[in-house]
Amino acid sequence: MIYLKSILNVIDNSGAALVECVNVLGKGNKTAGRVGDRIVVVVQSIRSAKLLAQTSAQNRVQRGDIRHAVIVRTKKEFQRHDGTVVRFDDNACVLINKQGEPIGTRVMGVVARELQQGYSKIIALAPKIA
């Protein structure tokens, strides 16, 4: 569950390392975000320039930028329709643009299967799906 002021890891090569949630976008009075939810974040820290050699200059983010992101992992466990309970080691997200496409060109790490409905491009970039 991702609330206001939650800190998340960014697992793409957009340039951000840590982001802070400032809003959970959704229907109704939604205060907590789960896997697959869209959130608004502020970039708190960025990655070093060596790791970003393959990222284009227009896709890099700076500290303090306000961006949209989709939650791909949460530390809080959740139950799937088949009864399995899934929990990850950290809270993580992928930065996206207004159309819902990822800003980065690579995704490092595992993403949840629940993203298949609305974010198939992230699933295609991910090395492993849990």
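In case you missed it, the structure is sitting above this.
Residue indices follow the written sequence of each chain, beginning from 1 at its first position. In view of the model being predicted, local features appear only for residues whose pLDDT reaches at least 70, and side-chain atom pairs are presented and counted only at 80 or more, with totals across whole chains, interfaces and linings using the full set of residues. Hydrogens are left out, water is left out, and the side-chain values use all remaining heavy atoms of the structure.

*Asks:* So what's going on with the overall build of the protein? Residues and values would help.
*Replies:* For the protein, the count of helices and strands is 1 helix and 9 strands. Along the protein, from the amino end to the carboxyl end, the secondary structure elements read β-β-β-β-β-β-β-β-α-β. Each radius of gyration reported is based on C-alpha atoms, and the globular scaling rule is 2.2 Å times the count of residues to the power 0.38. For the protein, whose C-alpha radius of gyration is 14 Å, the value lies close to the compact-globule estimate of 14 Å for 130 residues. Counting only C-alpha atoms, the protein reaches 45 × 30 × 25 Å along its principal axes. Counting all 130 residues of the protein, 43% fall into the buried class. A helix here means a DSSP run of H or I that spans at least four residues, while a strand means a run of E at least two residues long, and both kinds are numbered starting from the N terminus. Burial classification: accessible surface area is computed with a 1.4 Å probe over protein chains only, and a residue below 20% of its type maximum counts as buried, one above 50% as exposed, and the rest as partly exposed.

*Asks:* Can you break down the pairing of strand E7 (residues 92-96) residue by residue, with the values?
*Replies:* Put simply, side chains in a regular strand alternate between the two faces of the sheet. Within E7, 5 of the 5 residues are buried, which leaves it mostly tucked inside the rest of the structure. Burial of E7 is two-sided: the residues Ala 92, Val 94 and Ile 96 facing one way and the residues Cys 93 and Leu 95 facing the other way are all buried. Pairing analysis gives 2 bridges linking strand E1 (residues 7-10) to E7, with the strands arranged parallel. Within E7, the position partnered with Asn 9 by the bridge is Ala 92. Pairing between two strands requires that DSSP report at least two bridges joining them. As paired strands, strand E4 (residues 66-73) and E7 are joined by 5 bridges and run antiparallel to one another. Along E7, the bridge assignment pairs Ala 69 with Leu 95.

*Asks:* Outline the side chain of Ser 6, supporting the account with residue identities and numerical values.
*Replies:* Considering the arrangement of structural elements, one finds Ser 6 in the segment before E1. The exposure class of Ser 6 is buried, given its relative accessible area of 16%. Setting aside residues up to four positions removed in sequence, Ser 6 forms contacts with Val 19, Glu 20 and Cys 21. Should any heavy atoms of two residues lie within 4.5 Å, those residues are considered in contact.

*Asks:* A description of the pairing of strand E3 (residues 38-46) should follow, citing residues and the corresponding values.
*Replies:* Pairing geometry for strand E2 (residues 16-25) and E3, over 8 bridges, is antiparallel. Looking at E3, one finds that Val 19 is bridged to Val 43.

*Asks:* Go over the nonpolar core, please, and point to the residues and values.
*Replies:* Core analysis: the largest hydrophobic core is formed by 16 residues, its most contacted members being Leu 8, Ala 16, Val 19, Ile 39 and Leu 95. Looking at this core, the elements with two or more residues in it are E1, E2, E3, E4 and E7. Of all the elements, E2 adds the most residues to this core, at 4 residues. Apart from the residues lying within four places of it in its own chain, the contact partners of Ala 16 are Val 10, Val 43, Ser 45, Ile 46, Arg 47, Val 61 and Leu 95. By nonpolar core is meant a set of buried Ala, Val, Leu, Ile, Met, Phe, Trp, Tyr and Cys residues that side-chain atoms within 4.5 Å join together.

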